[in-house]
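Each chain, letter by letter, is given below.
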Amino acid sequence: SDDLKRKLQDGFAVNERKISIINMGVNTNIFHPKDKAASRKILNLSDNDKIILYAGNLIPDKGIEHLIRAASYFKAENIKCYLVGNYKSIQEYEEFKKLCSTLNVTDKVFFIDAVPQNELALWYSACDVFVLPSLKEGFGLVALEAMACGSPVIASNVGGLKSFIFNNI
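These lines cover the structure that appears in this document, whether it is placed above or below.

Definitions and limits used
- Residues numbered from 1 in each chain as written.
- Predicted model: local features only at pLDDT ≥ 70, side-chain atom pairs only at ≥ 80, totals over all residues.
- Heavy atoms only, no water.
- Axes fitted to C-alpha atoms, helices over the stretch in contact; angles between N-to-C directions.
- Helix = DSSP H or I, 4+ residues; strand = E, 2+ residues; numbered from the N terminus.
- Parallel < 35°, antiparallel > 145°, perpendicular 65-115°, else oblique.
- Left-handed = near helix turned anticlockwise from the far one by under 90°.
- Contact = heavy atoms within 4.5 Å.
- Nonpolar A, V, L, I, M, F, W, Y, C, P; charged D, E, K, R; others polar.
- Buried < 20%, exposed > 50% of the residue type's maximum accessible area, 1.4 Å probe, protein only.
- Pairing = 2+ DSSP bridges.
- Right-handed = clockwise from strand over helix to strand, strands pointing away.

### Focus: the packing of helix α5 (residues 117-126) against helix α6 (residues 141-148)
- Running from N to C, α5 and α6 point in directions that differ by 65 degrees, and their axes come no closer than 9 Å. In this view, α5 runs roughly perpendicular relative to α6, as classed from their interaxial angle. In terms of crossing hand, the pair formed by α5 and α6 is right-handed. Contacts between α5 and α6 involve Q117, L120 and Y124 from the first element and V142, E145 and A146 from the second.
- Each residue belonging to the contact of α5 with α6 can be placed in one class, and the counts come to four nonpolar, one polar and one charged.

### Some words on α6
- Residues of α6 that are buried: V142, A143, L144, E145 and A146.
- On its buried face, α6 sits against β1 (50-55), α5, β4 (129-132) and β5 (153-155).
- Downstream of α6 by a residue or two, G150 has a phi angle that is positive, lying close to 85 degrees.

### A few points about the pairing of strand β3 (residues 109-112)
- What you see with β3 is a clean split: V109 and F111 sit on the buried side and F110 and I112 on the side with no burial.
- With four bridges joining them, strand β2 (residues 79-84) and β3 adopt parallel strand pairing. Counterpart to Y82 in the pairing with β3 is F110.
- Handedness of the crossover joining β2 and β3 through helix α4 (residues 90-102): right-handed.

### Quick look at the sheet that holds β5
- Ordered by their spatial adjacency, five strands build an open sheet running β3-β2-β1-β4-β5, and the pairing between neighbours is parallel. Strands at the two margins of the open sheet, each flanked by one partner only, are β3 and β5. Across this sheet, the average inter-strand angle for adjacent strands is 25 degrees, counted without regard to direction.
- Of the strand pairs in this sheet, β4 and β5 are connected by three bridges, and their pairing is parallel. Of the residues in β5, the one forming a bridge with V131 is I154.
- Across the sheet, α5 touches β1, β2, β3 and β4, and the angle it forms with β1 is around 140 degrees.

Encoded structure:
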């Protein structure tokens with residue numbers, strides 16, 4: 001991304017001519033819009049719920065704590081937040097679970113182990129909004145995948161996300 005290019009130039013004094021940006025792409029054979037109701041049925045999700053989705057590593061740098069804290073402000077009972085991905089540290093994962101308990105959002109925030117790409121595409125299609133609250137991000141391929149599935153995306157203004165997420169409000 002342009003952001004990583006600038007970091008290489010500024011932090012390591014790499015000559016700009018020696019850096020090429022190769023944009024990441026999405027396999028649109030897998031990641032494309034699917035029927036929301038059918039996707040929810042396959043995933044055993046309610047048609048009546050408003051689903052906020054995060055997909056990626058469950059680590060502090062991805063802003064997971066902020067998403068969990070935001071869930072404590074959900075007013076409606078039918079707003080659910082699904083965090084799909086792997087944890088890198090059992091201690092960090094347990095801290096996220098403890099925060100859910102402390103904030104009394106265990107009925108609003110659900111942890112789902114990482115899934116294969118074809119199932120992840122169903123999650124993107126089933127959600128009402130995809131959220132990537134990263135504190136640091138090299139590129140943010142999951143946001144691009146969600147967009148390819150037709151999901152609205154809310155993302156932090158960091159790293160490579162700035163190169164393809166724009167404020168359209």
